[in-house]
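Reading the structure
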Amino acid sequence: MKNNSAISDLLKVMARLRSPTGCPWDREQDHRSLRWHAVEEVYELLDAIEACDDHEMTEELGDLLLQVVFHCQLAKERGAFDFDKVALHITEKLIRRHPHVFGDLKVKDVDQVWANWEKIKQAEKHGTRHARPSALDGIPRHLPALLRAEKLVKKARRGRLLPDSKRNRKLTRPALARQLFELATYAQSRGWSAEELLRQQTKKQEKLFRRHERRAVQQRT
């Protein structure tokens, strides 16, 4: 009851801030004006987690929750959805995508859990405008370049679109970290953005992966 009361109080405070007698700043916001605030809050939460600071984690999780509540209030005002619908949707999705917990499905390891998750997710979106026919679909466009490259490689490998590397050279983690930093340093010395360079290369590589995927599908049919 205490938790339900806390959520209820938060929703009421947010509604009050958006009311005609509320805060001028809150009243002038919309989904688009708020979109980067959520990104900033996530990074601040990461700092708190890495610092093992429970006090900061509590505060930053609250700030992140505020972004969810804010968007829900905006959506409620235009008759789209509300906080209850968002909470119900994620609850149902968690149950649906964990049949090995809430159903009778048996799994052997984490790899099988991931495989089932992807299979269920594809079935959910099949036939909708959010369908993901490609193994590479579903990577957020605004991820930082290195994280986006990692996600692309991971999906390409799972989709068997990434050829096995034949390089014999193996780098240790510290050596690889040094090389990454040295590359960023070199790019900066030339007046280049390492972020933008990697983003551009990742886009090119994604096009190649997708072309290979289409050819493989055509050969099977």
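Comments concerning the packing of helix α8 (residues 145-158) against helix α10 (residues 194-220)
Orientation of α8 relative to α10, taken along the N-to-C sense of each, is 20°, at an axis distance of 9 Å. By the angle between their axes, α8 is roughly parallel relative to α10. Where α8 crosses over α10, the handedness of that crossing is left-handed. Within the contact between the two elements, α8 uses A145, L146, R148, A149, L152 and A156 and α10 uses E195, L198, R199, T202, Q205, E206 and F209.

Re the environment of R220
Along the polypeptide, R220 turns up in helix α10. In this structure, the C-alpha to C-alpha distance between R220 and E60, residues 160 residues apart in sequence, is 49 Å.

Looking at α10
The end-to-end C-alpha distance of α10, which contains 27 residues, comes to 39 Å, matching closely the 39 Å that a straight helix rising 1.5 Å per residue would cover. Among all positions of α10, only R199, T202, E206, F209 and E213 are buried. Packing partners of the buried residues in α10 comprise α8.

Let's talk about the side chain of N116
Mapped onto the elements of the fold, N116 is located in helix α7 (residues 110-125). The contact partners of N116, leaving out residues within four places of it in the chain, are L105 and V107.

Parameters at a glance
- Residues numbered from 1 in each chain as written.
- Predicted model: local features only at pLDDT ≥ 70, side-chain atom pairs only at ≥ 80, totals over all residues.
- Heavy atoms only, no water.
- Axes fitted to C-alpha atoms, helices over the stretch in contact; angles between N-to-C directions.
- Helix = DSSP H or I, 4+ residues; strand = E, 2+ residues; numbered from the N terminus.
- Parallel < 35°, antiparallel > 145°, perpendicular 65-115°, else oblique.
- Left-handed = near helix turned anticlockwise from the far one by under 90°.
- Contact = heavy atoms within 4.5 Å.
- Expected span 1.5 Å × (residues − 1).
- Buried < 20%, exposed > 50% of the residue type's maximum accessible area, 1.4 Å probe, protein only.

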